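Notes for the structure review
Now for the letters of each chain:
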Amino acid sequence: MIDEYGAAGLLAHRRDRAQNKGERRLRSIEKARSLFLLMATSLLVAGCGASQTPRPGTQDGFRDVKPGTPLVEVVDEVTSAGLGLSVRDATSLGRYIPPEMTRAYAVCFTEDKPEYAAIDLFVVPSAESCPAKRGAVVPRPPVPDVTGRTSAEAVALMASTGFQPDRMTAQDEEKPSRRLDSRTARNWRVCSQSPAAGKPFDADEKVLMRISADCRTKPKTQAE
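How each quantity is defined
- Residues numbered from 1 in each chain as written.
- Predicted model: local features only at pLDDT ≥ 70, side-chain atom pairs only at ≥ 80, totals over all residues.
- Heavy atoms only, no water.
- Helix = DSSP H or I, 4+ residues; strand = E, 2+ residues; numbered from the N terminus.
- Buried < 20%, exposed > 50% of the residue type's maximum accessible area, 1.4 Å probe, protein only.
- Contact = heavy atoms within 4.5 Å.
- Areas by Shrake-Rupley, 256 points an atom, 1.4 Å probe, with all protein chains shown as cover.
- pLDDT = per-residue confidence, 0-100.
- Pairing = 2+ DSSP bridges.
- Axes fitted to C-alpha atoms, helices over the stretch in contact; angles between N-to-C directions.
- Disulfide = S-S within 2.5 Å.

**Remarks on the overall build of the protein chain**
Secondary structure summary: the protein chain contains four helices and seven strands in total. Its helices and strands taken in sequence order, the protein chain reads α-β-α-β-β-β-α-β-α-β-β from the N to the C terminus. Relative to its full complement of 224 residues, the protein chain shows a buried share of 29%. Within the protein chain, contacts between residues at least 6 apart in sequence are counted, and of these 65% link residues at least 24 apart. Accessible surface, the protein chain as shown: approximately 14,900 Å² in total, 53% of it carbon and sulfur.

Put into structure tokens, the structure is as follows:
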């Protein structure tokens, strides 16, 4: 037999258990409701974003870019805004843009990449005018004459013309199969080249430079 205090205690215990169980169930319902609302809000925001077409240069913290603006200025603004970036040729030539030569290029067009929090920059050398539209067909520049230059100078000049560095090869003029040490070979001079100087530029073409420590070609200076 349960005394009065024992019965009261048992009833209180059962009541507390029921109350705690009800509270836990209520918290579960509220948590599920909050999760549902969060998911619904995320889908709504994503849907609204997908229906909008972003204008070039309109990401938060970044401005529209006037065609011809120096690339170095735009890169500083983009990075200061915390955005990523890529730099590409604004013309049909598909030229490589050396990252260390931002002062030698001008921005013609931009395109937002909001899904990557980034901006694509389409540029031309500062000496050129921006094309009327992105990817416009323009005359192909001639391949530069790099004979007589050091291999380091030749690589820089070919890269500034638009050739990809990973498509360039330096070969020993006297022993083509010999493996070259890059630290030594950078001061060797170019004896011959392919493609030939003056040939129209082709971004897909591979560059071969035959170099030697004792090249008989007349040395050239960077100013030439």
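Structure's up, so let's keep going.
**Quick notes on the environment of serine 80**
Examined against the element boundaries, serine 80 turns out to sit in helix H2 (residues 71–80). Residue classification places serine 80 among the exposed positions, given a relative accessible area of 67%.

**Re the confidence of the model for the protein chain**
Within the protein chain, residue pLDDT values average 78, and 68% of them lie at 70 or more. Counting interchain partners and residues more than four positions distant, the pLDDT-below-50 stretch residues 1–15 has two contacts. Per-residue pLDDT stays below 50 along residues 31–61; that stretch engages in 25 contacts with residues further than four places along the chain or on separate chains.

**What to know about the sheet that holds strand S5 (residues 168–172)**
Spatially, S5-S7-S6 is the arrangement adopted by the three strands of the open sheet, whose pairing is mixed. Single-partner strands in this sheet number two, and they are S5 and strand S6 (189–194). For this sheet the average axis-to-axis angle between neighbouring strands, irrespective of direction, equals 30°. Relative to strand S7 (residues 207–212), S6 is paired through five bridges, and the arrangement is antiparallel. Within S7, the position partnered with arginine 189 by the bridge is serine 212. Those strands touched by helix H3 (residues 151–161) are S5, S6 and S7, and its axis lies near 165° from that of S7.

**Observations regarding the sheet that holds strand S2 (residues 84–89)**
If you trace the four strands from one edge of the open sheet to the other, you get S1-S3-S4-S2, paired in mixed fashion. The open sheet has two edge strands with one neighbour each: strand S1 (69–70) and S2. Pairing geometry for strand S3 (residues 105–113) and strand S4 (residues 118–125), over eight bridges, is antiparallel. What sits directly across from aspartate 112, in S4, is isoleucine 119.

**As for the state of the cysteines**
For the structure shown, the criterion picks out two disulfides. In this model, cysteine 108 is linked to cysteine 130 through a disulfide, with the two sulfur atoms separated by 2.1 Å. With the S-S bond torsion at -85°, the cross-link from cysteine 108 to cysteine 130 turns out left-handed. On the criterion of sequence distance, the pair formed by cysteine 108 in strand S3 and cysteine 130 in the loop between S4 and H3 is long-range, its members being 22 residues apart. Judged by its relative accessible area of 5%, cysteine 108 falls in the buried class. Two residues share a disulfide in this structure: cysteine 191 and cysteine 215, whose sulfurs sit 2.3 Å from each other. Pair noted here: cysteine 191 is in strand S6 and cysteine 215 is in the segment after S7, with a separation of 24 residues, a long-range link. The two residues cysteine 191 and cysteine 215 agree in class, both being buried. Here the bonded cysteines of the protein chain are numbered in sequence order, and their pairing is 1-2, 3-4.

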